[in-house]
Amino acid sequence: MTATMVPDAAVRPSVLPTDRLLASGKCRPELRQDLRRINDFRNALTVGGLWVWVVAMVALAVWIDNPLAYLAVFILMGPIHARFAILMHEAAHKLLFTSKRINDWVGTWVVAYPALVPIQLYRRGHFSHHRQEFGPEEPDMAFYGGYRCDRRTLARRLVRDAVGISGWKNLSPLLKSVKVRAYRPVSLPIIAMQVGLWAVAWAATGRWWIYPLLWLAPWMTQWKVINRLRAIAEHGGMEASDDRRVTTHDVRQSLLARFWIVPYNTGWHLAHHVDMGIPFRNLPRFHAELIEAGYVTPGITYPNYRSLWKALASA
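An account of the accompanying structure is given in this report.

Considerations on a nonpolar patch on the surface
Right, so step 1: Taken together, Leu60, Trp63 and Ile64 make up a surface patch of nonpolar side chains, about 380 Å² in accessible area.
Right, so step 2: Along the chain, Ile64 falls in helix H2 (residues 40-64).
Right, so step 3: With a relative accessible area of 44%, Ile64 lands in the partly exposed category.

Written as structure tokens, this is what we have:
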């Protein structure tokens, strides 16, 4: 590795195009058509199942009515928020459902607004991210810049996330935007959704504090930790390039990481950046194509996330 986090050119051989991949790394049209197929039925089950898990966990905690049960649900809501974020990301790419109308409605009202995300603004900024990572319009430079750093710096950033400082930094502009007429069409529906969730949780459980404790607080704290760890594992310390191996890390996936940090195949992030039109269910297949072509090599692949985070904090 260089002083940044970019893999040496020796482990990034020039192997494209191949008989299956174009010079960009995308599959040739006859293969790409299959990889771009969206499974509407399974995605509907995924979205519905996520909400079932939310309701079931809260109901179980209330039924047990023990501090340890509430603590367990609080902890598990971190990975739940990660799932909402990834499904929102999928909808922002118009890959959650084949019908764009259904994709946008579900992505907005069932996924994004409950997760406090203005998906309209997110989509615009995220496409800027894909047009050129680390380019002049990069919306997430605050996450990706500043690496490598030392352990103390990374720890300080994670502590700010864990205690809610970063969460409040994200939440306060949403609340303040209500004062500005031009921003109200974006902010008011999200706030209304949160009030609705609070009211439903209160009415269903008889406990006013269920929503702030088991929904908002995990979003304000541990989800911010998860989000930072995932984001820097995707692009931390990399740089602008037409070679996606220079802009995006590759990490071997484990069951624990996929449960806690990178659900719904988002850990195959290099494949996503090579072709952002491939739905999340097909990213492992596309990643296998990149390995078979010799584009993804062991030299650019971290064995696990811990080793990557350690390298990111090794300055």
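Thoughts on the pattern of salt bridges
Pairing of side chains with opposite charge becomes possible as their charged atoms draw close.
Right, so step 1: A full pass over the atoms with the stated rule returns 13 salt bridges.
Right, so step 2: Notably, a salt bridge pairs Arg20 with Glu289, separated by 2.6 Å at the nearest N-O pair. Here Glu289 lies in helix H15 (residues 283-292) and Arg20 lies in the segment before helix H1 (29-35), a separation of 269 residues in the sequence.
Right, so step 3: Glu137 is paired through a salt bridge with Arg131; the nearest N and O atoms lie 3.2 Å apart.
Right, so step 4: For Arg131, a relative accessible area of 56% translates into the label exposed.
Right, so step 5: Within this structure, Arg12, Asp243 and Arg245 form a network of salt bridges that share partners.

Overview of the side chain of Glu90
Right, so step 1: Relative to the assigned elements, Glu90 resides in helix H3 (residues 67-92).
Right, so step 2: Setting aside chain neighbours within four positions, we find Glu90 in contact with Leu95, Leu96, Asn103, Pro279 and Phe280.

Some thoughts on the nonpolar core
Right, so step 1: Ranked by internal contacts, the top residues of the largest apolar core, which has 37 residues, are Met5, Tyr305, Leu308, Trp309 and Leu312.
Right, so step 2: Only H3, helix H8 (165-176), helix H9 (184-205), helix H10 (210-220), helix H11 (222-235) and helix H16 (305-312) provide two or more residues apiece to this core.
Right, so step 3: Dropping the residues within four chain positions of it, Trp309 is found in contact with Leu154, Leu229, Ile232, Ala233 and Ile261.
Right, so step 4: One finds Ile80, Phe84, Leu87 and Val111 within the second-largest nonpolar core, a separate group that totals 33 residues.

Each value, and the rule that gives it
Residues numbered from 1 in each chain as written. Predicted model: local features only at pLDDT ≥ 70, side-chain atom pairs only at ≥ 80, totals over all residues. Heavy atoms only, no water. Patch = residues over 30% accessible without salt bridge, like charges linked within 9 Å, V, L, I, M, F, W, Y side chains within 5 Å. Areas by Shrake-Rupley, 256 points an atom, 1.4 Å probe, with all protein chains shown as cover. Salt bridge = Lys/Arg side-chain N within 4 Å of Asp/Glu carboxyl O. Helix = DSSP H or I, 4+ residues; strand = E, 2+ residues; numbered from the N terminus. Buried < 20%, exposed > 50% of the residue type's maximum accessible area, 1.4 Å probe, protein only. Contact = heavy atoms within 4.5 Å. Core = buried A, V, L, I, M, F, W, Y, C linked by side-chain atoms within 4.5 Å.

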